[in-house]
Amino acid sequence: MIDLSMNGVLEVVRVRLTVRGVVQGVGFRPSVFRLARSLGLAGHVLNAGEGVRIEVEGAAAVIETFVEAIPADAPANARIDTIHREPLPPAWESGFWVLESEPVALAGLRVPPDLATCPDCVAEMLDRQDRRYRYPLINCTACGPRFSILEALPYDRRRTTMRNFTLCAECGSEYLEPSDRRFHAEPIACPQCGPGVYFLNAAGDCLAEGDKAVHAAVRDIQASQIVAVKGLGGYHLVADATADAAVAKLRRRKQRPTKPLALMVPSIEAAHALCHLSAADVEALESPAAPIVLAARRTDAPVSALIAPDCAELGLMLPYTPVHHLLQHALDRPLAVTSGNSAGEPLMFDDRSARRRLQAATDRFLAHNRRIRRPVEDSVVRTFAGVPQVLRLGRGFAPDVITLSTDLVPDGPTILALGGNMKTAPVLLRGREAILGPHTGDIESIAAEEMLGRALEDLQALHGCRAEVLSCDRHPDYPTTHLAESFGLPLVQVQHHAAHIASVIAENGVTDPVLGFAWDGSGYGTDGTVWGGEGIWMTPDGWERVVRLRAFPLPGGEQAIREPRRALYGMLHEAGRTDLMPSWRLRADEKTSLRKLLEAGLNTPRTSSVGRLFDAAAALLGLASINRHEGEAAMRLEYRARLAAENGAVPGCYAFTLSQGDTATLPEIDWQPLLCGMADDLAGGLSVDVIALNLHETMAAIITAAARHFDAPAVALSGGCFQNRLLTERAMALLQADGIRVYLNRRVPSGDGGLALGQAVIARRHLASGG
């Protein structure tokens, strides 16, 4: 700690460093402690309200070395945003210590995410000589629960649901030993002092405990039984994915007839056997977030055909909790995994409620007694052009923070944005920090509304701030709209598709004008119609709808969303070509009924939705007359198109027109030549797969033609339709070949799970402009 300046006088300095970012709950304090001790510096480190605070004292040159080494020495799961430096007078102390955290969380503190079990803990758990051998709740500073058990910040054991488990002598020694990787690991536990696991029947009676509970669960899964497994953030229903009988039972009990099921695989080698994986896919699967990764399926994938019927991709994940590792260590096969909840209700995470409400769905429960403070769904990602693209913000990815530029978002009040009606994920805009809340789900029941209300309160409480303004969708009947109105705060309602495009420019930091294509199933339009195929010109001064898909009627309204054949009939009626309606899609009496509705204009809302166009195309090709789950028809359409591409088909392009428009008429993309061309090809015997491929090529060409028409230097793509990998890839390729920059959602979903970010940005701009 001695430094001699040029004149030989002892020079000791002390500085205070405030580190902001994801620096709590990820082993950051222990890494700082070890670094300071290794350099012989004095001082301390603690969790503070604004992040992690370090006071360090010693020779000036050594302190410079210390400061420069902090980012390089930081744990892999940490993310440093800023390091603020402040000089202090020397205290002339010796030794470096980890101090008790400050009791109050201030604005600026980041919430640590839950992390998958690290390789070191897995190795210990499978080591017969280790005292944590087969302990299914093992963790360390690099892994385990964080957000799901956190009750308040700063992050310390006494502010988590682990506070009632008193450390044994050995765990206490590890917790205080700087050289141990469990040094200040807040959820630290072992079989002697930590939570345990239990195997219960559907009535809640305990059948086995500890390792016997895990073995019992293995036997039941092998016997094609359904087991409800309590993970990090809630319960999942688990079944043998290689057994048709088990998967069929799971679908029947979950009332999920065709929607794809996720697969948990024992290893990356097993994942390769199921899907064609890129290096980016492997990296995402093995990351500490351990999300579900959508990847191109192999035609000979060794799983039940009932897992994901007629889907081009499978959703894969690796074991991410110790109990998952133990199950897979014994089973060594793909497992079907789906959220433990009833249709339309949120994820079950409370033990008592889960045992009551999952009785009819499961045969057994494999549970533990570490309380979950808040539910956390699995994250879902797809890698695109070598970079992960988040499709659902959940475990490992949320909460998260996107720092927005001054040019993008002016100063203003704290805004709480609620999102839409589906895939709800709120955002809290505090200063220029957009705090991304986790996926809450579809608001289809009273229980889901209540869960969202609690999530909104929790998001504010955890981050130590209260909303001054609310933002939501313009739809007057969304539950989120009614909830936003109930707060009694100033409310800014944002058009659905403008919010989609704003979410892209926000996360990409785009301040130049951009032409955004917001393509999805539906959104409330400002003109009384249902939008969904919009071209939006967006600048820092606002947005303007400049082009749309030609509108068409939806006979039966909401029923036409569930029945693509109705959307097809509506389009053909609009085109005057009902003769092209395949006779087997609708009975004669159904056609008569729909024709009368359309002629009378009763319950036939008009829409410009590309999502409904894809539905109609799938119905025309005989791929889906009814949607049994959201997006089923479009997924089948993409699957068949990708089969054609894999078989070497060269895509063609159907005719389409882009009207010039005038001062009274919005330019339109006319779908009629496209739909009639598909019908002609079908009648001519062209392969359904090739027709589906040509449709995707045409829709990508439409985007490029519109971008040329408006001389757009940059294009943003957002909305549920751009979760279609084939459409997005072709649109990007054609645009980039024209020298047009392309922006996509990456950190927030392109579907409705990304709406809240766009709502918050537009609301702040609206308020700054005097709105």
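Shown above is the structure to which this text applies.
So, here's what we can say about the structure. Here the structure is a predicted model, which means the values were calculated and not measured. Position numbers for residues count from 1 along each chain, tracking the sequence in the order it is written. For this predicted model, a pLDDT threshold of at least 70 governs which residues receive local features, and a threshold of 80 or more governs which side-chain atom pairs are given and counted, while totals over whole chains, interfaces and linings are taken from all residues. Neither water nor hydrogens contribute to the side-chain values; these are computed over all heavy atoms in the structure.

1. Quick look at the overall build of the protein
Phase 1: Going along the chain from the N terminus, every DSSP run of H or I of four or more residues is numbered as a helix, and every run of E of two or more is numbered as a strand. A count of helical and extended segments in the protein gives 22 helices and 32 strands.
Phase 2: Note that the radius of gyration is over C-alpha atoms, with the globule rule given as 2.2 Å times the number of residues to the power 0.38. Against the compact-globule benchmark of 28 Å for 771 residues, the protein has a radius of gyration of 28 Å, which places it among compact chains.
Phase 3: Once the C-alpha set of the protein is aligned to its principal axes, its extents read approximately 90 × 65 × 50 Å.
Phase 4: Whether a residue is buried, partly exposed or exposed follows from its accessible area with a 1.4 Å probe, protein chains only, as a fraction of its type maximum: under 20%, in between, or over 50%, in that order. When burial is assessed residue by residue, the protein has 61% of its 771 residues classed as buried.

2. Focus on the packing of aromatic side chains
Phase 1: Within 6.5 Å between ring centres, the rings of Phe, Tyr and Trp (the latter by its six-membered ring) count as paired, and their orientation is classed by plane angle as stacked under 30 degrees, edge-to-face over 60, tilted in between. In the structure shown here, the tally under the stated rule is six aromatic pairs.
Phase 2: Note on Tyr235 and Phe365: the rings are 6.1 Å apart at their centroids and 90 degrees apart in plane angle, and the pair reads as edge-to-face. Residue Tyr235 is located in strand β9 (residues 235–240), and its partner Phe365 is located in strand β15 (residues 364–368); the two are separated by 130 residues in the primary sequence.
Phase 3: By relative accessible area, Tyr235 is classed as buried at 0%.
Phase 4: Given a relative accessible area of 0%, Phe365 falls into the buried group.
Phase 5: An aromatic cluster is built from Phe33, Phe96 and Phe183, whose rings are joined through pairwise contacts.
Phase 6: One residue, Arg37, lies across the ring of Trp97, its end atom 4.9 Å from the ring centre.
Phase 7: Throughout this description, the term charge over a ring refers to an Arg CZ or Lys NZ atom that lies within 6 Å of the ring centre and within 35 degrees of the ring normal. A cation sits over an aromatic face here: Arg545 above Trp531, 3.8 Å from the ring centre.

3. Regarding the pairing of β9
Phase 1: Of all the six residues making up β9, six are buried; the element is thus mostly covered by neighbouring parts of the structure.
Phase 2: The alternating pattern of β9 places Tyr235, Leu237 and Ala239 on one face and His236, Val238 and Asp240 on the opposite face, and all of these are buried.
Phase 3: Strands are labelled as partners when DSSP assigns at least two bridges between them. One ladder, built from four bridges, connects strand β8 (residues 227–230) with β9; its direction is antiparallel. Paired with Lys230 across the bridge in β9 is Tyr235.
Phase 4: Adjacent in sequence and paired antiparallel, β8 and β9 are bridged by four residues, among which Gly234 carries a positive phi angle near 160 degrees.

4. Observations regarding the packing of helix α13 (residues 496–508) against helix α22 (residues 755–768)
Phase 1: Angles shown run from 0 to 180 degrees and are taken between the N-to-C directions of axes, each axis being a line fitted to C-alpha atoms and, for helices, limited to the stretch in contact. Where α13 contacts α22, the two axes come as close as 7 Å, and the packing angle between them is 90 degrees. If you check the angle between α13 and α22, you find them roughly perpendicular. Taking contact as the criterion, the partners of His496, Ala498, Ala499, His500, Ala502, Ser503, Ile505, Ala506 and Glu507 in α13 are, on α22, Leu755, Leu757, Gly758, Gln759, Val761, Ile762 and Arg765.
Phase 2: Per-class residue counts for the contact of α13 with α22 are nine nonpolar, five polar and two charged. Oblique is the label for any angle not under 35 degrees, not over 145, and not in the 65 to 115 range, which are roughly parallel, roughly antiparallel and roughly perpendicular in turn. Residues are treated as being in contact if the distance between any of their heavy atoms lies within 4.5 Å. When residues are sorted by character, Ala, Val, Leu, Ile, Met, Phe, Trp, Tyr, Cys and Pro go into the nonpolar class, Asp, Glu, Lys and Arg into the charged class, and all the rest, Gly among them, into the polar class.

5. Some remarks on the sheet that holds strand β5 (residues 96–98)
Phase 1: Reading across the sheet, the five strands line up as β4-β1-β3-β2-β5 and stay open at both edges, with mixed pairing between neighbours. At either margin of the open sheet sits one strand with a lone partner, and together these are β4 (79–88) and β5. Pairwise comparison of adjacent strand axes, ignoring direction, gives a mean angle of 15 degrees for this sheet.
Phase 2: Examined bridge by bridge, strand β2 (residues 42–48) and β5 share three bridges and lie parallel to one another. Residue pairing in the sheet places Gly43 in a bridge with Phe96 of β5.
Phase 3: Seen against the sheet, helix α1 (residues 28–38) touches β1 (13–22), β2, β3 (51–58), β4 and β5 and runs at an angle of roughly 170 degrees to β5.

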